[in-house]
Each structure stands twice: as structure tokens, then as C-alpha cells.
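Coordinate analysis (summary)
So you can see what is in the structure, the chains are spelled out below.
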Amino acid sequence: MGYLSFAGTILGGLFKKPVTTQYPLKPAVLPEELRGRVLIDIQRCISCGMCMRKCPAGAIVVDRSAKSWSINRFACVQCATCVDNCPVKCLRMEPQYAAPGTVKQNETFVKQAAAQPAVAVTLVKGVTPTASAPATGTQAAAASAATAAKTAAAPQTTPPGDGAGHA
Amino acid sequence: MGKHTVVPFGPQHPVLPEPIHLDLELDDEKVVRAIPSIGYIHRGLEKLVEKREFKEYVFIAERICGICAFGHGWGYCKSVEGLMNIEIPLRAKYLRTIWHELSRIHSHLLWLGLMADGMGFESLFMHSWRLREKVLDIFEKTTGGRVIFSACKIGGVRRDIEDSELHGIAEILRGMRDEVREITDIFFKEPTSVSRLKDVGILSKEAAVATCAVGPMVRASGIPLDYRVADTSGVYRELNFTPVTTDTCDCYGRCWVRVQEIFASLDMICQAIEKIPAGDIAVPVKGNPNGEYFARLEQPRGEAFYYVKGNNTTHLTRFRVRTPTNMNLPAMVEALKGCDYADVPMIVLTIDPCISCTER
Amino acid sequence: MSFMKKSPWVIHYDGSSCNGCDIEVLACLTPLYDIERFGIVNTGNPKHADIFLVTGAVNAQNVPVVRQIYSQMPEPKVVVAVGACAASGGVFHDCYNIIGGVDKAIPVDVYVPGCAARPQAIIDGVVQGLAVLEAKRKLLAEGKLEELEQKDQLPPLPPQTHVKEDQA
């Protein structure tokens, strides 16, 4: 009789644990193979722009001069093309998905300037250090390291400001 | 001569998951004619081949439709590989077949839930989508996505499934067989659902052939048209498989065909898991596509054609998809003639409409 | 959940999407991610709804439909754009008839990223939308209807739409 064939599931359902995941009260369990969002190890990035050219959604913007890599998480479709095509393999996908928001904004990562060699810097009073191109990454004038206001300052120099008092 | 009214159905309607507009000409309560208007999902993505390289276009091709996503990705890759004479490894073919049959199971369970919801049978909708989540968990672990998989690439597949995982998948599917049988038995024996489906939306054998219907629509009218039988390049030859047909020609028959296809697919995947060989999963792709090629695939909704044309550059010049719902819409309009007004949602859902496939 | 004073009803419309995000929205109603335990019901009538879940990068033919559904919803109302296509056009941003995201047709309050957006992300987005709904309800209770209508005003018709302004 067809009517009693579902009795097993119904009676079992009275005693078994419900299948509902208790999200958002308990955190989500995400398998590690899940393509959630793209993360970058910015220090290894060479700003070649390959990921920007290959992205089908146009979500990545690479600025070679500023050494920045920025992604619009609201346009990213998690296809992992950028991860596959990166020549230095500095991109990876992690299971945690990008969070919703009320405002669309890009997420930008900027490569920090490499550590400066231990060079004594003498600043002559009255001469303002010239603000050269930010974060060129070259080991050129040590004074330019002091004026790298956009990126975090290199370890040996004190934070930029009036440039007073370090020798 | 009854009262003649024209009732607009859609594009936004509680029973419709996608926007389609039908103008129903009614004579009292009987539908005399149905005039469809489509175009609400047309994105013109066939034109995007001019802007994306052929290796990246696979991500756009698989987003033609989220339900048949794997099928479109495979169809595009199959047509470009045929054009460039690339022979993919046997393990890749098996993996693609396993994913495609899993996609068929998830699509049919989805359709069953929507069909029951359209009828008002909400508890069956919940049970069938609960079972579908098991299939989606398998997809998540093996491809990285629940709905859009991005698993195919030109030359093979992007990820491998280890043999231990494959045996785990076979165990899950064997356990699912009894649960699916339980809920579908209820669906087919419940007097209310039987009375809403039997002898409703008749599409005779001659009408099915005349309107060129495909898929379960035509298999329920007694014609055993299934591309998997004719596929020479795939692995369906190695799997023991017969197409499911019946000749009731009504909604009940189409529902029955789809449910039997779920069981057939469960069987096929278990067979494929036993026969899968070891080996590579992809071959490198060199050169550019040149010429024309035509590939076919049996999607959950019917037979789909994929045509590509290249001119020896990194961008294809033409990509044309003929999807199954494209052909089933005229058959649906034919089946709507003479039915009751209250049967319209049932008939529309019984062709398993995928309007985003139709309009690309 | 103490921040919910009322069970919001949801209306869902597919604005030229591939259906991936739509089935994930429907999956939120199913037993695994059950939002009906919070009292959220999927209704088909815009006049009964509080939250409008839109998916898909809207195409030219769909713009009047989306605007009409939005206009039929009573105040206070919240729009949640689900998926990469609804937020910014996604992979289809340079198609010839795609306007590039839902916020070019109606004002959007919450964006949920993903392709297809996971049910957990959709639940997160709806919870954020509830906070916005609560703020709007306070405005309405204080009698500031004009301010609310100013926020919820429709943006101008995108250029690809081929109907006149009064039909949209």
C-alpha cells in the first residue's frame, strides 16, 4: 500500500537530528577544496598583469608603477584562471567566501619596498627631500626611502615626517 | 461560444523560476492559444567570443545556464577539441561523464522539487532538494563549486578525483537510490498528483515529431531519441545503458521518464567508477582553432548542438548553441492547446524549461 | 535573534541571470539552510514583500519589469543584489544589451558577491538587509516619509532600455 511507504522516513525524522545547518548561529563548515575567494602573496608578485588580462570578469587591476594589485570582490566569479596563469604562483584560492556589503569597494594590496641596506643617511637641514615616485622598489637614493609615505616605511628608517633627526 | 479573454502569464510569477511571458487566449476556462514572448534573459553571450580568447571563453560558455552548467562547458570544450583535433586522455573522458551524469541527477531532482512546488506539494519539494544537497556536496568536494563547476578546460579537466574518493561517491549514490525511490513512489501513487498529471498536456507522437521536440518530452511520446546511444567518441559505449521511453504522451509520462533517468544515471555512474582507468587528466593545447566543427551532447533536457568556427586566431569567429528548450518551446505551445487554465503551470513545468539556455 | 522585530517576506526575481544564483536562493528555503525558521517566506506578490532579491545583470528588456516590481513594493523596502552579475555585471559586463548590474535600474542596499553566491552568503546578505530595513522603518515611524522616498528614488533609465520613461 503506497500510503505507508513513507512511514519509515517520517518516524525516523521524529527521532533523528535535523539536517538543518545552524547557520548563522554556528559558523559554516566549508570544505577545503571550495573556491571561495582569491588571495595574493603580494611580496612575490612581479606586476606582469597576466591575471588582469586573463580575468573573464575584469575584476583585477594591476598597476605596474605603483606595484599594487587590486581586486573587485563583487565582480570576481571564482573561476581560478588568475591562479592557474600566474607565472610566479603567488595567487591562491581559499574556501572562505567574500563577505556581502552595502558598498562595493575594491580590495587593494600594495607591494612594500624591499629592506634598505644599512646606509647612513645625513639630511642637510633646510633641504627638503624630494618626493620621488612612490615605492619604486629600487635601492636608489636612501632619501627616497624616507619619503615613501604611501607604503610602509622600510625597517631602518624612522617614519617620514619632517625628516628630522636621524643620521 | 464562450467568453474570450487574454491573460498575461509572467514574466514574474510565483511558479516560474525564470522570466518568460505567455499570452494565453482563453475561451471560458480552456486555453485556445498560447503566444510566447521571450527575450528577458538574452545576454548576447555568443557575441562575446570576439572579445574573449578561446581558452577563457569556457567560463562564459558554462554560465549559459546554472542548472545545465557542466553540460555547456563540456559541449564547448568538445567542439573546440574536435576542431583542433585534440584527443583527450581516457581518464578525462570518464571524469567528464561522471560529472555530467551527476549533473543530470541534480537537475532532475531540482525539476521534481519545482514540479511538486508548482502543484502545491511543498513537502516533496523539500525532500527532493534535501537529497539533491548530497549531490551538491559531492560537487563541492570534487570541483570546488556547488553550481558553477569550472571543471572542464580545453584539453581535459582541471581537477582529478582520487580513486578512494570515487569509491566514497559510489557508496553515497547507492544509499541515495532507496531514498529517491521512496519519494518518487509517493509522487506517482498520490491520487491528487496523479489526477493533475494524467491525460494532461497530450503531445501525440506525430506532433512530437512535427515540432522536433527533444529529450524526455519526446521520449514520453514513444520515440527513443537519445544521443547517448549514438555517441561514438565518448564512453557511453562502454556503459550498459538503454534509453527510457513510455508512450502515454502526457505529463505523467514525462515525469515518469525523468525519474527513471535518475535511476539509470545512478547506475551508470557506479559502472563508470568501476571502469575508470588511471592516467593523465589533460593534454597541452597548441595552436589556434581553424575551420568549423559541430558537437552534440545529451543534456538533462534533451539534445544540444554546439557549433564553432575559427579563423586561425586566438579568438573564435562564431559559436552557436542550439539548446533543448529551444526546440521544446514550440512543443509546449502545441501541448497547451485545449488544456484547462489551471493546467498551464503543470504543462510549462513539465517541459523543464530552461529559458536562460534558450536565450543565451 | 534579537535584532529582528518582524519576519520579513522576500520576493525573488530573476533579472537576466543564468539561474545559478536563483537556485541558490531557492536552496535557502530548503531544509539544509532553512530561512523559514526565521519566519522569512518566499512570496510571489510584490505588494506583500519587504525584501527584494534580484539576481542577474539586467538586460534592456528586463529593466521595466524590475522597476515595476520595485515600485509595487510598499515602504519600507530593501533590495539585495545577489551574485556577481547583479553587483557589477560579472562576466557579462561588456555584452551589448546588459546595463551592468542591478543598481543601474533600481537603488540597491546590499550586494552579495559570488558566482553562484553560496546560501550562507545570501543569508549574510539578508541579515545585513534586515538592519537597513530596521533603520528605514524607524524613519517611517518618525514620519519622515519624504526622506525615505528620496533614498528609494529610481535612478534614471539606462540608455539601452527601449521603452519610454513613463512606461518603465
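Residues numbered from 1 in each chain as written. Chains lettered and ligands numbered in written order. Predicted model: local features only at pLDDT ≥ 70, side-chain atom pairs only at ≥ 80, totals over all residues. Heavy atoms only, no water.

Quick look at the interface of chain C and chain A
Interface size is commonly expressed as the accessible surface area that is lost when the partners come together. Counting from both sides, the interface comprises 29 residues of chain C and, opposite them, 26 residues of chain A. With both sides pooled, the region where chain C packs onto chain A buries about 2300 Å², and carbon together with sulfur makes up 61% of that total. When the area that chain C buries against chain A is broken down by residue, the three leading residues are Tyr111, Pro113 and Arg118 of chain C, summing to 23%. The interface formed by chain C and chain A holds seven residue pairs in polar contact (both at pLDDT 80 or more) in total. (Contact = heavy atoms within 4.5 Å. Buried area = accessible area lost by both parts, 1.4 Å probe. Polar contact = N/O pair within 3.5 Å; in protein donor to acceptor, adjacent residues only side chain to side chain.)

Quick word on unusual backbone geometry
The linkage connecting glutamate 75 of chain C with the following residue, proline 76 of chain C, adopts the cis geometry, with an omega of -10°. Look at the link from cysteine 115 of chain C to alanine 116 of chain C: it is a cis peptide, with omega at -5°. For cysteine 212 of chain B, which is not glycine, the phi torsion reads 60° and is therefore positive. Note on placement: cysteine 212 of chain B falls in the loop between α7 (205–210) and α8 (216–219). (Helix = DSSP H or I, 4+ residues; strand = E, 2+ residues; numbered from the N terminus.)

So, the sheet that holds strand β3 (residues 51–55) of chain C
Residues and elements named next belong to chain C. Here we have five strands laid out as an open sheet, ordered β2-β1-β3-β4-β5, and parallel in their pairing. With one partner strand each, in any of the chains shown, β2 (41–42) and β5 (110–112) form the two edges of the open sheet. Bridging between strand β1 (residues 9–14) and β3 involves five bridges; their strand directions are parallel. Bridge pairing in β3 places valine 10 opposite isoleucine 51. Running over the sheet, helix α2 (residues 63–72) touches β1, β3 and β4 (78–82) and is turned about 170° from β1. Here helix α4 (residues 119–141) sits on the sheet in contact with β3, β4 and β5, set at roughly 175° to β5. (Pairing = 2+ DSSP bridges. Axes fitted to C-alpha atoms, helices over the stretch in contact; angles between N-to-C directions.)

A few points about the packing of aromatic side chains
Residues and elements named next belong to chain B. Inspection of every chain in the model, using the stated rule, returns 13 aromatic pairs over all chains. Taking 6.4 Å as the distance between ring centres and 50° as the angle between the ring planes, the aromatic pair formed by phenylalanine 70 and tryptophan 74 counts as tilted. Of this pair, phenylalanine 70 and tryptophan 74 both sit in helix α2 (residues 69–83), four residues apart, roughly one helical turn. Each member of the pair, phenylalanine 70 as well as tryptophan 74, is classed as buried. A connected cluster of aromatic rings, assembled from ring pairs, spans Phe70, Trp74, Trp99, Phe139 and Phe149. (Phe/Tyr/Trp six-rings, centres within 6.5 Å; stacked < 30°, edge-to-face > 60°. Buried < 20%, exposed > 50% of the residue type's maximum accessible area, 1.4 Å probe, protein only.)

Quick word on the state of the cysteines
Each disulfide consists of a covalent bond between the sulfur atoms of two cysteine residues. Summed over all chains, the structure comprises zero disulfides over all chains. A disulfide-free cysteine, cysteine 86 of chain A has its sulfur positioned 3.7 Å from the sulfur of cysteine 90 of chain A, the nearest such atom. A relative accessible area of 9% places cysteine 86 of chain A in the buried class. Looking at the unpaired cysteine 339 of chain B, the closest cysteine sulfur is the one in cysteine 251 of chain B, lying at 8.9 Å. (Disulfide = S-S within 2.5 Å.)

Looking at the confidence of the model for chain A
Across chain A, pLDDT averages 70, with 63% of residues at or above 70. This stretch, residues 131–167 of chain A, has a pLDDT under 50; its non-local contacts, to residues over four places away or in other chains, come to 36 contacts. (pLDDT = per-residue confidence, 0-100.)

A look at empty space enclosed by the protein
Counted under the stated rule, the structure contains eleven cavities of 30 Å³ or more. Roughly 200 Å³ of volume is contained in the largest cavity. A breakdown of the residues in the lining of the largest cavity according to their chemical character gives ten nonpolar, five polar and four charged. (1 Å grid on protein atoms, 1.4 Å probe; cavity = no way out; pocket = protein on both sides within 12 Å on 5 of 7 lines; lining within 4 Å. Points joined across faces, edges and corners; volume = space filled by probe spheres on them. Nonpolar A, V, L, I, M, F, W, Y, C, P; charged D, E, K, R; others polar.)

A few points about a nonpolar patch on the surface
Residue and element names in this part refer to chain A. Side chains of Leu11, Leu14 and Phe15 sit close together on the surface and give an oily, nonpolar patch of about 410 Å² of accessible area. Mapping leucine 14 onto the fold places it in helix α1 (residues 7–15). The exposure class assigned to leucine 14 is exposed, which follows from its relative accessible area of 63%. (Patch = residues over 30% accessible without salt bridge, like charges linked within 9 Å, V, L, I, M, F, W, Y side chains within 5 Å. Areas by Shrake-Rupley, 256 points an atom, 1.4 Å probe, with all protein chains shown as cover. Salt bridge = Lys/Arg side-chain N within 4 Å of Asp/Glu carboxyl O.)

What about the environment of serine 17 of chain C?
Along the chain, serine 17 of chain C turns up in the loop between β1 and α1 (20–27). You can call serine 17 of chain C buried: its relative accessible area is 4%. For the pair serine 17 of chain C and valine 82 of chain C, spaced 65 residues apart in sequence, the C-alpha to C-alpha distance is 10 Å. Other than its neighbours up to four places away in sequence, serine 17 of chain C contacts Ile41, Arg43 and Ser356 of chain B together with Asp22, Thr55 and Gly56 of chain C.

A word on the packing of α2 of chain B against helix α3 (residues 90–119) of chain B
All names here are of chain B. At their nearest, the axes of α2 and α3 sit 9 Å apart, and the two run at 145° to each other. Where α2 crosses over α3, the two elements pack in a sense that is left-handed. Each of Phe70, Gly71, Trp74, Cys77 and Glu81 in α2 lies in contact with α3, whose residues at this interface are Arg96, Thr97, Trp99, His100 and Ser103. Classifying every residue of the contact of α2 with α3 by side-chain character gives four nonpolar, four polar and two charged. (Left-handed = near helix turned anticlockwise from the far one by under 90°.)

Concerning the side chain of serine 221 of chain B
Residues and elements named next belong to chain B. Summarising the element assignment, serine 221 is placed in the loop between α8 and α9 (227–230). Separated by 2.9 Å, the side chain of serine 221 and the backbone oxygen of leucine 203 make a polar contact. Setting aside residues up to four positions removed in sequence, serine 221 forms contacts with Leu203, Ser204, Lys205, Ala208, Thr246, Asp247 and Cys249.

Describing the packing of helix α5 (residues 163–189) of chain B against helix α10 (residues 251–275) of chain B
Residues and elements named next belong to chain B. Between α5 and α10, the least distance of the axes is 9 Å, while the angle of their chain directions is 165°. Here α5 lies roughly antiparallel to α10, going by the angle between them. The hand of the α5/α10 crossing is left-handed. Taken together, the residues of α10 that come into contact with α5 (itself represented by Leu166, His167, Ile169, Ala170, Leu173, Arg174, Arg177, Val180, Arg181, Thr184, Phe187 and Phe188) are Tyr252, Cys255, Trp256, Val259, Ile262, Phe263, Leu266, Asp267, Ile269, Cys270, Ile273 and Glu274. Of the residues belonging to the contact of α5 with α10, the class tally is 17 nonpolar, two polar and five charged. (Parallel < 35°, antiparallel > 145°, perpendicular 65-115°, else oblique.)

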